[in-house]
Amino acid sequence: MSLVRGLAVQTEIVHAILLRETRTRFGAHQLGYLWAFIEPLLWIATFYGLFWLAGRTPPHGMDLVGFLATGIVPFLLFRETTHRVLVAISSNKALLFYPQVRPLDLVLARSILEMGTFLGVFVVLLGGAALLRGQLRIDNPLLVLLGLTMAGLLGTTLGLVLCALSVYTTVVERLAGPLLRPFFWVSGVFFSANDLPSQIRELLLWNPVMHAVELVRDGTFAGYTARYADLKFPFFVILCLAFAGLTLERVARAKLELT
Amino acid sequence: MIELRRITKSYKTEKGINVVLDDVSAIFPKGENFGILGRNGAGKSTLLRIISGVEMPDYGEVVRKGRISWPLGFSGGFNGSLSGEENCRFVARIYGEDIDRVVEFATEFSELGQYFHMPIRTYSSGMKARLAFGLSMAIDFNIYLVDEVTAVGDKRFQEKCRLAFEERQARSSVLMVSHNLKTITQYCKRAAVLDQGKLTFYDSIKEARLHYDA
């Protein structure tokens, strides 16, 4: 089979899985796609209330709703993708009964679905905020897209590593929750890198998710510049995780038992 | 055609390593139904999964020519929360078949009635097997890998399956594993016996039976 033909077949398979994943992710509930908005909206409402109570204002150049939305969406994209890619194999074992479906196809389909979903959520949330304010301006859409892609890829590759490990031990699935929880507090969801004391900032910039959040904010607001966000470091992390994940997946493939 | 080249597969169990397939080589030519007999736990389903390519052997390789089905059995292959129809659509897509044609054929063949539009988790194992069977019949495979599944359902459905295979004898054959000699006899003229990791071939079912019963 030639490479082109092989790619065409693989695309068709990922597409089929994607359609099916969309059905199982959103089709099972009465509210369907609305579910995707509930969690980010709840977080935004909570922090809006907290900021108001504490009398805090968003960092310079941003409005509060926009500031919170640009923080929570990339973070949730990262977290959800990690979680859903982690269980891509265990919740879809039945599909591996068809020889042409490979574990990596399941991972890819879930990754695409999450990125698409949160991109949609982001657009709707900012659109909603703009309706309230009366004007919509996204300073640099490409930078926003880059930041969201970064968050999605970080989730995908971390999820892939965990997913391959989960073939060996079920402990991974149980540890993933506690492992990911701290990211909520250190990814810049409700603060900005520019406002941090330098020592803390240096430390937090080792968290690649923080860079994704900063880039999304830089791209959204004309008045905000993410002075400390970097491209090289997060993409280096993505590359390392991808390499580790793909290697582990190859080894784990032989271990995978279908019953 | 399917060729097995020195296939070895073992599993770790609490009592040590269990070698299910021990250096098995074989050729299954196309156009001829073939049966593999084995007791429960002999490794028949494992062998079928390795032949289909969904599971990998520890050593050795499988050479496949022609279009080969997924292993048709009681379990696997269906998503419990989706309906029979949705599952059929998925399979039609990944095999590049016309979706409407496949769905129509599978509805008609599997005779599930209203259940066709209900989630698979509401199905009995017999109904799942009927769906798997109807669905696989909608796609033209050169070799059907069958795991006990034809022993399912009432006499009439069994007869229907047999006739369907007879009808497409010219272009498809069946590779069947079963613990039941009777099922194999209905479809195959020749059989092999899988026992303690080794596959022994016989020229007739009669000879296979002597070995199997012993």
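Keep in mind it's a predicted model, so treat the numbers as computed, not measured.

**Q** With reference to specific residues and values, describe the side chain of R168 of chain B.
**A** Residues and elements named next belong to chain B. Here R168 lies in the loop between α5 (155–167) and β6 (173–178). The class of R168 is buried, set by a relative accessible area of 8%. With sequence-adjacent residues up to four places away left out, R168 is seen in contact with F105, M137, I139, D140 and Y144.

**Q** I'd like a description of the sheet that holds strand β5 (residues 143–147) of chain B, backed by residues and values.
**A** All names here are of chain B. An order of β5-β6-β3-β7-β8 is seen for the five strands of this open sheet, with the pairing classed as mixed. Because the sheet does not close on itself, it has two edges, and the strands there are β5 and β8 (198–202). The sheet shows a mean angle of 20 degrees between the axes of neighbouring strands, direction not considered. This element, helix α1 (residues 44–52), spans β3 (34–37), β5, β6 and β7 (190–195) of the sheet and lies at about 155 degrees to β5. Seen against the sheet, helix α7 (residues 205–213) touches β3, β7 and β8 and runs at an angle of roughly 20 degrees to β7.

**Q** Explain the pairing of β8 of chain B residue by residue, including any values.
**A** Residues and elements named next belong to chain B. Bridge count for β7 against β8 is five bridges, and the pairing is antiparallel. Bridged to A192 within β8 is F201. Connecting β7 to the antiparallel partner β8 that follows it, the hairpin turn spans two residues, and Q196 within it adopts a positive phi of roughly 50 degrees.

**Q** Got a sec to walk through the side chain of E97 of chain B? Specific residues and values, please.
**A** All names here are of chain B. Inspection of the secondary structure puts E97 in the loop between α2 (84–94) and α3 (99–110). The exposure class assigned to E97 is buried, which follows from its relative accessible area of 19%. There is a polar contact of 2.7 Å between the side chain of E97 and the side chain of R101.

**Q** Lay out the nonpolar core with the relevant residues and their values.
**A** Counting 64 residues, the largest nonpolar core has Y98 and V101 of chain A together with W70 and F90 of chain B as its most contacted members. Sequence-distant contacts of F90 of chain B, that is, excluding residues within four places in its chain, are made with A16, I17, R20, L95, Y98 and V101 of chain A.

**Q** Got a sec to walk through a negative patch on the surface? Specific residues and values, please.
**A** Judged by side-chain charge, D98, D100, E104 and E108 of chain B come together as a negatively charged surface patch. On the basis of relative accessible area, E104 of chain B is assigned to the exposed category, the value being 60%.

**Q** Would you mind going over the sheet that holds strand β1 (residues 2–13) of chain B in detail, with residue names and values included?
**A** Residue and element names in this part refer to chain B. As summarised here, the arrangement of the three strands in space is β2-β1-β4, forming an open sheet in which the pairing is antiparallel. Sheet topology places β2 (16–28) and β4 (59–64) at the edges, where each strand pairs with a single neighbour. Between one strand and the next, the sheet's axes are offset by a mean angle of 25 degrees, whatever the strand orientation. Across nine bridges, the pairing between β1 and β2 is antiparallel. Within the sheet, the bridge partner assigned to L4 lies in β2 and is A26. In this fold α1 packs onto β1, β2 and β4, with an angle of close to 130 degrees to the strand it touches most, β1.

**Q** Outline the interface of chain B and chain A, supporting the account with residue identities and numerical values.
**A** With 24 residues of chain B in contact, the opposing surface of chain A contributes 24 residues. Of the roughly 2200 Å² buried at the junction of chain B and chain A (both faces included), carbon and sulfur atoms supply 61%. Contact with chain A buries area across many residues of chain B, yet F90, R93 and I94 of chain B alone supply 28% of it, more than any other trio. For the pair chain B and chain A, the interface holds one salt bridge. Where chain B touches chain A, the interface holds six residue pairs in polar contact (both at pLDDT 80 or more). Residue assignment for the side of chain B that touches chain A shows that the elements contributing at least two residues are β1, α1 and α2 of chain B. Take the side of chain B that touches chain A: its biggest share by element is six residues, from α2 of chain B. Taken together, the residues of the side of chain B that touches chain A break down into eleven nonpolar, eight polar and five charged.

What counts and how
Residues numbered from 1 in each chain as written. Chains lettered and ligands numbered in written order. Predicted model: local features only at pLDDT ≥ 70, side-chain atom pairs only at ≥ 80, totals over all residues. Heavy atoms only, no water. Helix = DSSP H or I, 4+ residues; strand = E, 2+ residues; numbered from the N terminus. Buried < 20%, exposed > 50% of the residue type's maximum accessible area, 1.4 Å probe, protein only. Contact = heavy atoms within 4.5 Å. Pairing = 2+ DSSP bridges. Axes fitted to C-alpha atoms, helices over the stretch in contact; angles between N-to-C directions. Polar contact = N/O pair within 3.5 Å; in protein donor to acceptor, adjacent residues only side chain to side chain. Core = buried A, V, L, I, M, F, W, Y, C linked by side-chain atoms within 4.5 Å. Patch = residues over 30% accessible without salt bridge, like charges linked within 9 Å, V, L, I, M, F, W, Y side chains within 5 Å. Areas by Shrake-Rupley, 256 points an atom, 1.4 Å probe, with all protein chains shown as cover. Salt bridge = Lys/Arg side-chain N within 4 Å of Asp/Glu carboxyl O. Lys, Arg positive; Asp, Glu negative; His and termini not counted. Charge placed at Lys NZ, Arg CZ, Asp CG, Glu CD. Buried area = accessible area lost by both parts, 1.4 Å probe. Nonpolar A, V, L, I, M, F, W, Y, C, P; charged D, E, K, R; others polar.

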